[in-house]
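Examining the three-dimensional arrangement
So the chains spell out like this:
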Amino acid sequence: MSATQSHGHAAHGGHDAGHGHHELPFWRKYVFSVDHKVIGIQYAVTALVFLFFGFTLMMLLRWQLAYPGQPLPVIGKLLGENAMPGGVMAPEFYNQLGAMHGTIMVFMGIVPLAVGGFGNFVVPLQIGAPDMAFPRLNMVSYWAFLPGGLLMLAGFFVPGGAANSGWTSYPPLADIATAGQTVWLFAMVLLITSSLLGSINFIVTIVQLRAKGLTFFRLPFFVHAQFVTSFLLLLAFPPLEAAAVMQLMDRLASTSFFLPSGLVVSGEALARAGGGSPLLWQHLFWFLAHPEVYVLILPAMGIIAEVIANNTRKPLWGYRLLVYSVIFLGFMSFVVWAHHMFMTGMGTTMSTVFQTTTMIISIPSVVILTCFIMSLYGGAIRYTVPMLFAVAFLPMFAIGGLTGLPLGLTASDIYLHDTFYVIGHFHYVVAPGTIFALFAGIYYWYPKATGKQMNQTLGKIHFWLSFICINGVFMPMFFQGMAGLSRRLYDPTIYAHGRAIQSLNVLISWSAWGLAIAQLPFILNFFASLRQPKAVENPWQSTTLEWAAPSPPPHGNFVTPPVVYRDPYEYSEPGRSSDFHPQFAREA
C-alpha cells in the first residue's frame, strides 16, 4: 500500500484527508477499495443482485407448486434435461431450489445488504468517523463474501446439482447428499468468515471513532442497532462455522460427528456411521440461526427509526427505551434457539424453558414497535417514499411477530411445525418486514451516496404494487398451514387436504410473479436517477451527522472533523426558526 494512501487514511478528516488520493488506479479505487463508502456500495449492489437471483429461484419453485407436474413454458426447456426433463421440474431440482433460495436470501442477500451495505456506508458517517477502524480488514470482508457467494452459485454446475437438503442442511441427509452439499459448506465457511471480520470492525469503529461530543446516548438509533447486530454476528456465527467444518469432515474424511450408529441408506448399512448425533447439528445451527433472525431485523428497525423521526418531524418517542430494548433483544436471542426443536424429543422440561424464553423475547419487540407507533402520534407526517415503506413495515412486522407466538408454544407448534404457516410467519418478518425497511433505507440514503434524488412517482408505484403483491404471497400461507399443508412438498396435491386448498397455491404464485414485475420501476428508478441533476445537500432536512458531510462524501468523509452538540433527533423544537436542528450545528 502506497505511503500516500496510508497517509490519506490516517488523516482523520481535515484538509489533508484527500491528499494522494487521486493517484489511485481504477482497480484500487473501485475494485479493491479500502474506502468504507465504496465497500458499502459494493456490498449493497452485490447483495441486491443475489436477492434478485434468490427471488428468481423462488419463482421457478412457485410454478411447480401452483401447477404440479406441468411443463414450465419457454424457460423449462432452457434449464436442461437433468433439472427439467421435458420441461417438467424434477423433484431433485425442486429440492435444490428450496435449499438455495433460503440460503441465498438470508446469507447472501439480506445480511450483506443490511450490515455490509447500510452498515458500512452509514455507520462511519453517522458517528463522524473518517473511515472504519480497519479499512483493509473491511476490504477483506467483502472479498471473502463475493467468492463465497459465487462458490455457492457454482453448486448448480457440479454433478448432481446444488445443495438439496434444505437451507438448514440437517444431517444425516446432508451428510450423504450429492457433491453440491460440499460446495455449500465451503461457501458457508467463506460467508461466515466475511461476517466475523465485518462485525469486529463495526464494534471497534463505534467504540473508538466517534466524533467529539458524541456520547453513547447521542448516537442515532441506527448505530445502536448495528452495534448490537455486530455482537450477535461475532458470538453466534462461530458455532455454525465449527459445525460446517465438522459436516465437511463427515463428508470428506469419514468422521461421524452427525451420523448415528446403525444408519441404513437404500437398504445398506452405512459403514462409516457410528456414535454421532444429528441433533448436535440442529443445536449448533439454530444457535446461530435464531440470533440470525435478529441480525436481519435489527438493522431494519434502525433504518425505520431514522425514517420515522425524519418524516414525523419530531424526536423518536422513548429513545432510551428503544436502546435498552435492542440490547435486551440481542441478549435474549441467544437463549431461545431450541424453540425450533420442539419436535426432536428433547423432553418437556427443556421445551418449557425455551417456550418461556420465547415468550419473554417478544416483549422487547413489542416495546420497539410501540415506540415507533407512538412516534407517529401527533407528528406532521410527510408521506415520502421512504416513509411509505417505513409505515408499512409496522403492521407487517407485527403480523410476523404475532403469528410467531403459536410457534413458540409447544402445544400449538406440534400441529403447525413444518407447515406453510411457518413460512408465512418467517417471511412476514423478513420480506414485507426487513426488505421493506431496506427499500426505505435505499430511497432515504440514495441522495447521500450519489448526490442524486430518486423519482418519487416511480417510488410510490414500486411501493403500492409491492405492498399488494407481497401480502398476496404470504397471507394465504397461514390458511394453508392451518389446513395442515406441509412445507417442502414437491406436489401439494398428493394429499386430499392439499387438493382442497390448491387454489391458494395458484394465488400465491401469481402474486409472486406480480411482485417480480413490481420491482421493475425500482430497478429503472435506481439507475435512471444516476443521470439526474444534483440534488440539494440535505434533501430530507435531517438532523443526524451523516448530512454534515458533502453528498456524495469525499475520501475521509468530512471537510472538517465534526463536533456534536446535541441529541440525534431535535425536530420541531419550540422557539426555533427552522423545524430541524442538526447535531453538528452550534446553538442558533
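The notes below deal with the structure included here. (Residues numbered from 1 in each chain as written. Predicted model: local features only at pLDDT ≥ 70, side-chain atom pairs only at ≥ 80, totals over all residues. Heavy atoms only, no water.)

Quick look at the overall build of the chain now. The secondary structure content of the chain amounts to 19 helices and 2 strands. Taken over C-alpha atoms, the radius of gyration comes to 24 Å for the chain, in line with the 25 Å a tight globule of 588 residues would show. Counting the 588 residues in the chain, one finds 59% classified as buried. Counting contacts in the chain only where the partners sit at least 6 residues apart, residues at least 24 apart contribute 78% of the total. Accessible surface, the chain: about 22500 Å² in total, of which carbon and sulfur atoms supply 71%. Across the chain, 26 positive and 22 negative side-chain charges occur, with their mean positions spaced 8 Å apart. (Helix = DSSP H or I, 4+ residues; strand = E, 2+ residues; numbered from the N terminus. Rg over C-alpha atoms; globule rule 2.2 N^0.38 Å. Buried < 20%, exposed > 50% of the residue type's maximum accessible area, 1.4 Å probe, protein only. Contact = heavy atoms within 4.5 Å. Areas by Shrake-Rupley, 256 points an atom, 1.4 Å probe, with all protein chains shown as cover. Lys, Arg positive; Asp, Glu negative; His and termini not counted. Charge placed at Lys NZ, Arg CZ, Asp CG, Glu CD.)

As a further point, take unusual backbone geometry. With the exception of glycine, most residues fall at negative phi, and the peptide bonds are largely trans. Look at the link from Pro171 to Pro172: it is a cis peptide, with omega at 5 degrees. Even without a glycine there, the phi angle at Gln541 is positive, about 50 degrees. Here Gln541 lies in the segment after α19 (520-528).

Turning our attention to the packing of helix α7 (residues 135-154) against helix α8 (residues 180-208). Here α7 crosses α8 at 160 degrees, and the two axes come no closer than 8 Å. One way to sum up the angle between α7 and α8 is to call them roughly antiparallel. Of the two possible hands of crossing, α7 and α8 adopt the one that is left-handed. Judged by residue contacts, Leu137, Asn138, Val140, Ser141, Ala144, Phe145, Pro147, Gly148, Gly149, Leu151 and Met152 of α7 engage Val183, Trp184, Phe186, Ala187, Met188, Leu190, Leu191, Ser194, Leu197, Gly198 and Asn201 from α8. The residue inventory of the contact of α7 with α8, partitioned by class, reads 15 nonpolar, 7 polar and no charged. (Axes fitted to C-alpha atoms, helices over the stretch in contact; angles between N-to-C directions. Parallel < 35°, antiparallel > 145°, perpendicular 65-115°, else oblique. Left-handed = near helix turned anticlockwise from the far one by under 90°. Nonpolar A, V, L, I, M, F, W, Y, C, P; charged D, E, K, R; others polar.)

What follows covers the pattern of salt bridges. On inspection of all chains with the given rule, the structure shows 5 salt bridges. As a salt-bridge pair, Lys37 and Asp35 come within 3.0 Å of each other at their nearest N and O atoms. Residue classification places Lys37 among the buried residues on the basis of a relative accessible area of 6%. One salt bridge connects Asp418 with Arg487, and the closest N-O pair in it is separated by 3.6 Å. In this pair, Asp418 is assigned in the loop between α14 (410-416) and α15 (420-450) and Arg487 in the loop between α16 (456-482) and α17 (496-500), connecting sequence segments 69 residues apart. Since its relative accessible area comes to 32%, Asp418 is described here as partly exposed. (Salt bridge = Lys/Arg side-chain N within 4 Å of Asp/Glu carboxyl O.)

The next point concerns the environment of Met108. Structurally, Met108 can be placed in helix α6 (residues 91-126). The sequence separation of Met108 and Met152 amounts to 44 residues, and the corresponding C-alpha distance is 9.2 Å. Not counting residues within four places of it along the chain, the set of residues in contact with Met108 comprises Ala47, Phe50, Thr103, Phe145, Gly149, Met152, Leu153 and Leu191.

Before going further, it helps to spend a moment on the nonpolar core. Counting residues in hydrophobic clusters, the biggest one holds 183 residues, and the most contacted among them are Phe221, Leu240, Met301, Phe372 and Phe393. Looking at this core element by element, the count peaks at 20 residues for helix α10 (residues 278-312). If we skip the residues at most four places from it in the chain, Phe221 touches Met301, Gly302, Ala305, Glu306, Leu316, Tyr319, Leu322, Val323, Val326, Phe372 and Tyr569. (Core = buried A, V, L, I, M, F, W, Y, C linked by side-chain atoms within 4.5 Å.)

Attention now goes to a nonpolar patch on the surface. Taken together, the side chains of Phe52, Ile517, Leu520, Ile523, Phe527 and Leu530 present a nonpolar region at the surface, about 580 Å² in accessible area. Broken down by element, the nonpolar patch gets its largest block of residues, 3 residues, from α19. Here Ile517 shows up in helix α18 (residues 502-518). A relative accessible area of 55% means that Ile517 is categorised as exposed. (Patch = residues over 30% accessible without salt bridge, like charges linked within 9 Å, V, L, I, M, F, W, Y side chains within 5 Å.)

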